[in-house]
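# Secondary and tertiary structure notes
Chain by chain, the residues run as shown.
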Amino acid sequence: MERSEIEAKLVDLLVDELGLERDDITMEAKFEEDLDVDSLGVVELLMALEDNFDVKIPDEEAEKITTVGEAAEMVSQKLNG
Amino acid sequence: MGEAVSRVALVTGGSRGIGRAIAELLASAGHSVAVNYVSNASAADDAVRVIEAAGGRALAVQGDVGDETAVATLIDQVQDQLGSVEILVNNAGITRDDLIMRMKPESWDEVLQTNLRSVYLCSKAVMRGMLRARWGRIISVSSVAGVYGNAGQANYSAAKAGIIGFTKGLAKEVGSRGITVNAVAPGFIATDMTAALGEDTTSAAVERITLGRLGTAREVATAVGYLASDDASYITGQTIVVDGGLAL
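None of the values given here were measured: they were computed from a predicted structure.

Calculation criteria
Residues numbered from 1 in each chain as written. Chains lettered and ligands numbered in written order. Predicted model: local features only at pLDDT ≥ 70, side-chain atom pairs only at ≥ 80, totals over all residues. Heavy atoms only, no water. Helix = DSSP H or I, 4+ residues; strand = E, 2+ residues; numbered from the N terminus. Rg over C-alpha atoms; globule rule 2.2 N^0.38 Å. Buried < 20%, exposed > 50% of the residue type's maximum accessible area, 1.4 Å probe, protein only. Contact = heavy atoms within 4.5 Å. Lys, Arg positive; Asp, Glu negative; His and termini not counted. Charge placed at Lys NZ, Arg CZ, Asp CG, Glu CD. Buried area = accessible area lost by both parts, 1.4 Å probe. Salt bridge = Lys/Arg side-chain N within 4 Å of Asp/Glu carboxyl O. Polar contact = N/O pair within 3.5 Å; in protein donor to acceptor, adjacent residues only side chain to side chain. Pairing = 2+ DSSP bridges. Axes fitted to C-alpha atoms, helices over the stretch in contact; angles between N-to-C directions. 1 Å grid on protein atoms, 1.4 Å probe; cavity = no way out; pocket = protein on both sides within 12 Å on 5 of 7 lines; lining within 4 Å. Points joined across faces, edges and corners; volume = space filled by probe spheres on them. Nonpolar A, V, L, I, M, F, W, Y, C, P; charged D, E, K, R; others polar. Parallel < 35°, antiparallel > 145°, perpendicular 65-115°, else oblique. Left-handed = near helix turned anticlockwise from the far one by under 90°.

Let us look at the overall build of chain A. Check the secondary structure of chain A and you find 4 helices and 0 strands. Each helix and strand of chain A, ordered N terminal to C terminal, gives the series α-α-α-α. Taking 81 residues into account, the globule formula puts the C-alpha radius of gyration at 12 Å, and chain A, at 11 Å, falls close to it. Considered along the principal axes of its C-alpha atoms, chain A spans approximately 30 × 25 × 20 Å. Split into buried and exposed, the 81 residues of chain A put 42% on the buried side. Taking all contacts inside chain A whose residues are at least 6 apart in sequence as the whole, residues at least 24 apart take part in 55%. Within chain A, one finds 7 positive and 25 negative side-chain charges whose respective centroids are separated by 6 Å.

Written as structure tokens, this is what we have:
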């Protein structure tokens, strides 16, 4: 899957699942500081990523994700190796 | 009362005693109930038969809830056969009573594992589905031993008090997602566990109970049933003491 496609789908998930404003979301945005997503919200996002992209993100890798771009990168790595 | 919604419930240690009464009560409220047991398959099968005979839906699931592999397996089994667990009742419990001077580390560890570690493992295992559903009920069976303490039960009292702290912490963590977490602390209830105490201990206990008698498993189950219902939607982090006025 193309990186741009992953990013677009990720933004859709952030809007649909976490109720974020589309305009606020950039790849550099930090979930907790910039987007006001609490730590449980990040866990929920990762669950949604696993379901939607059919990938498995181990807890120890998930803990390192702080920005939207890092989440996209994680999915990209899992999908494309 | 709100309109009855049929949900999927899991009752750990649901084949006998208080757990059995909880399983039957949740089934009679229209929920599909997974009856977990560790060793007594015939008791679990009997619970399922009784529930089905009354027109309910039930499933017996074997597994030691203190063991994480067993918990993963049994949660998968419930998910496959009944659906995602929406009501979790952490009821499984054992006693290994002894004076602290004689208490072996194994007696401490076994009680903490079965009575408290299980609560953490099962709650974690069902959390994904509850978060997704934005709805969930976790109800754990504590004990008056965890509230007031019992001599000869330092291990059991510690585990049951641990449940109350766990309940408050998790309630705060997941409250914003529509999941409530509560506990029920039974006093002296007539079950196999209290029958093992002997007549002298039991009659001494009854003298301290305001209502002048032991409680029944069903009287605990109705409190659990209330907390599991939509009617209890604004109650979380609480421990309801069901002890006939033991502390008064």
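It is worth spelling out the interface of chain B and chain A at this point. The interface of chain B with chain A comprises 7 residues on the first partner and 8 residues on the second. At the boundary of chain B with chain A, total buried surface from both sides reaches about 710 Å², with 41% on carbon and sulfur atoms. Counting across the interface, chain B meets chain A through 6 salt bridges. Arg177(B) serves as the salt-bridge partner of Asp38(A), at 3.0 Å between the closest nitrogen and oxygen. For the interface between chain B and chain A, the tally reads 5 residue pairs in polar contact (both at pLDDT 80 or more). Looking at the side of chain B that touches chain A, the elements with two or more residues in it are α4 (105-133) and α6 (154-174) of chain B.

Residue and element names in this part refer to chain B. Spatial strand order, β3-β2-β1-β4-β5-β6-β7: 7 strands in an open sheet with parallel pairing. On the outer flanks of this sheet lie β3 (57-62) and β7 (239-242), each paired with one strand and no other. Each adjacent strand pair in this sheet contributes to an overall mean axis angle of 15°, direction not counted. In the sheet, strand β5 (residues 136-141) pairs with strand β6 (residues 179-186) via 6 bridges, with the strands oriented parallel. Looking at β6, one finds that Ser140 is bridged to Ala183. Of the strands in this sheet, β4 (87-90), β5 and β6 touch α4, which is tilted by about 175° from β4. Those strands touched by helix α9 (residues 217-228) are β4, β5, β6 and β7, and its axis lies near 170° from that of β6.

Over the atoms, a rolling probe the size of a water molecule traces out where space has been left empty. If you add up the space inside the largest pocket, you get close to 1,600 Å³. Along the walls of the largest pocket sit 46 residues, with Val43(A), Asp59(A), Lys124(B), Met127(B) and Arg128(B) positioned nearest its centre. Elements represented by at least two residues in the lining of the largest pocket include exactly α2 (39-53) and α3 (59-62) of chain A together with α3 (68-81), α4 and α6 of chain B. Here the lining of the largest pocket is built from residues that sort into 23 nonpolar, 8 polar and 15 charged. Along the wall of the second largest pocket there are 48 residues; nearest its centre are Gly93(B), Ile94(B), Thr95(B), Tyr156(B) and Met193(B). Those elements giving two or more residues to the lining of the second largest pocket turn out to be α1 (17-28), β2 (32-37), α4, α5 (144-147), α6, α7 (192-195) and α8 (199-208) of chain B. With 5 residues, α8(B) is the largest single contributor of residues to the lining of the second largest pocket. For the lining of the second largest pocket, the residue count by class is 19 nonpolar, 20 polar and 9 charged.

Moving on, we get to the packing of α3(B) against α4(B). Residues and elements named next belong to chain B. Where α3 meets α4, the closest approach of the two axes is 10 Å, and the angle between their N-to-C directions is 40°. In terms of orientation, α3 and α4 fall into the oblique class. Read as a crossing pair, α3 and α4 show a hand that is right-handed. Here Glu68, Val71 and Ile75 of α3 lie close against α4, whose contacting residues are Arg117, Leu121, Cys122, Ala125 and Val126. Tallied by class, the residues present in the contact of α3 with α4 amount to 6 nonpolar, no polar and 2 charged.

Another point: the pattern of salt bridges. Considering all chains together, one arrives at 20 salt bridges over all chains under this definition. The salt bridge partner of Asp12(A) is Arg22(A), with a shortest N-O separation of 3.1 Å. Within this pair, whereas Asp12(A) is found in helix α1 (residues 3-18), its partner Arg22(A) is found in the loop between α1 and α2, the two being separated by 10 residues in sequence. Among the residues examined, Asp12(A) registers a relative accessible area of 32% and is labelled partly exposed. Overall, the relative accessible area of 44% leaves Arg22(A) in the partly exposed class. The residue Glu110(B) makes a salt bridge to Arg96(B) at a minimum N-O spacing of 2.7 Å. Remark: Arg96(B) occurs in the loop between β4 and α4 and Glu110(B) occurs in helix α4; sequence separation between them is 14 residues.

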